[in-house]
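# Inside the fold
Here is how the chains run, residue by residue.
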Amino acid sequence: LAVGLAFYFTAGMVGVVEKQLDLLRQADIKGAYALTSKDFQKATSLGRFAAFVENYPSLSQNQGHTFTTRSIENNIGTVKGTLAAKDGAVTPVKFQLVKEQGEWRILFIEVRPAGTGIKEE
C-alpha cells in the first residue's frame, strides 16, 4: 500500500519529466524550458539550457526511461533513474522539482555520462 501511495503522490512529478523529455525529443527547447521553475530560469537562460541539452544528447535522443526512485522531502520532489538513448546508451539522470502555483516544475537536472552508474545518496 505504501508503495502504491508513493507512486500516486509522485505521478505528477514524473508526468512533468516525461513531458519535458517528449518535448526535447521533438526539438521543442522552448516548450521544455517552459516546464522549468522560476528559480531555474533565473539561474539558467534559454540559451544555456539549449547548450546543456546539446551537450547531453541522451536528453533529446532518448527513446525510453526507467525511474527507479521517486520522493518528496521538504516540498522538493526527486525523480532518479536512467534514460535509454537511440544508440543503446544508458544514462543516469536526476530531476528535482518544486511546486509553483499548484503545479510541479523542474528545478534541477543532473545528467551523468553514460556508463558511470548511479550513485545512491
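Throughout, residues of each chain are indexed from 1 in the direction in which the sequence is written. The model is predicted, so local features are restricted to residues of pLDDT at least 70 and side-chain atom pairs to those at 80 or more, both for listing and for counting; the totals for chains, interfaces and linings are taken over all residues. Excluded from the side-chain calculation are hydrogens and water; included are all heavy atoms of the structure.

Our focus in this paragraph is the overall build of the chain. Only DSSP runs of H or I covering at least 4 residues are called helices, and only runs of E covering at least 2 are called strands; the numbering of each starts at the N terminus. Looking only at helices and strands, the chain has 5 helices and 4 strands in total. Helices (α) and strands (β) of the chain occur, in sequence order from the N terminus, as α-α-α-α-α-β-β-β-β. Contact between two residues is taken to exist if any of their heavy atoms lie within 4.5 Å; hydrogens are not considered. Within the chain, contacts between residues separated by at least 24 positions form 45% of all contacts whose residues are at least 6 apart in sequence. In these tables, accessible area is a Shrake-Rupley quantity obtained with a 1.4 Å probe, and a residue counts as shielded only by the protein chains included in the view. On the chain, roughly 7,100 Å² of surface is accessible, and the fraction owed to carbon and sulfur atoms is 53%.

So, on to the nonpolar core. Among the nonpolar cores identified, the biggest contains 24 residues, and Phe49, Leu59, Phe67, Phe95 and Leu97 are the most heavily contacted of them. Elements represented by at least two residues in this core include exactly helix 1 (2-25), helix 2 (29-33), helix 4 (46-55), strand 2 (76-85), strand 3 (90-100) and strand 4 (103-111). The leading source of residues in this core is helix 1, at 7 residues. If sequence neighbours within four positions are ignored, phenylalanine 67 has contacts with Val14, Val17, Glu18, Leu21, Val79, Lys80, Gly81, Val93 and Phe95. The term nonpolar core refers to a set of buried residues drawn from Ala, Val, Leu, Ile, Met, Phe, Trp, Tyr and Cys, joined through side-chain atoms within 4.5 Å. Partly exposed residues are those whose accessible area sits between 20% and 50% of the maximum for their type, while under 20% is buried and over 50% is exposed, using a 1.4 Å probe and protein chains only.

Here we take up the confidence of the model for the chain. How sure the predictor is of each residue is captured by pLDDT, a score from 0 to 100. The pLDDT averaged across the chain works out to 85; a share of 84% of its residues lies at or above 70. Of all secondary-structure elements in the chain, the lowest mean pLDDT belongs to helix 1, at 74, while helix 2 reaches the highest, 98. Below pLDDT 50 for its whole length, residues 116-121 participates in 12 contacts with residues either more than four positions away or in separate chains.

Position of glutamine 26 relative to the elements: it lies in the loop between helix 1 and helix 2. For glutamine 26, a relative accessible area of 59% gives the class exposed. C-alpha of glutamine 26 to C-alpha of serine 60: the two residues are 34 residues apart in sequence and 7.7 Å apart in space.

For the rest of this paragraph, the subject is the environment of asparagine 74. Relative to the assigned elements, asparagine 74 resides in the loop between strand 1 (62-73) and strand 2. Taking relative accessible area as the criterion, asparagine 74 reaches 68% and is therefore assigned exposed. Separated by 24 residues in sequence, asparagine 74 and valine 98 have C-alpha atoms that sit 9.6 Å apart.

Every regular strand shows the same layout, with side chains that alternate between the two sheet faces. In this analysis, strands are considered paired if DSSP registers two or more bridges between them. Pairing analysis gives 8 bridges linking strand 3 to strand 4, with the strands arranged antiparallel. Of the residues in strand 4, the one forming a bridge with phenylalanine 95 is isoleucine 109. Hairpin connection of strand 3 to strand 4: 2 residues between the antiparallel strands, including glutamine 101 at a positive phi of 50 degrees.

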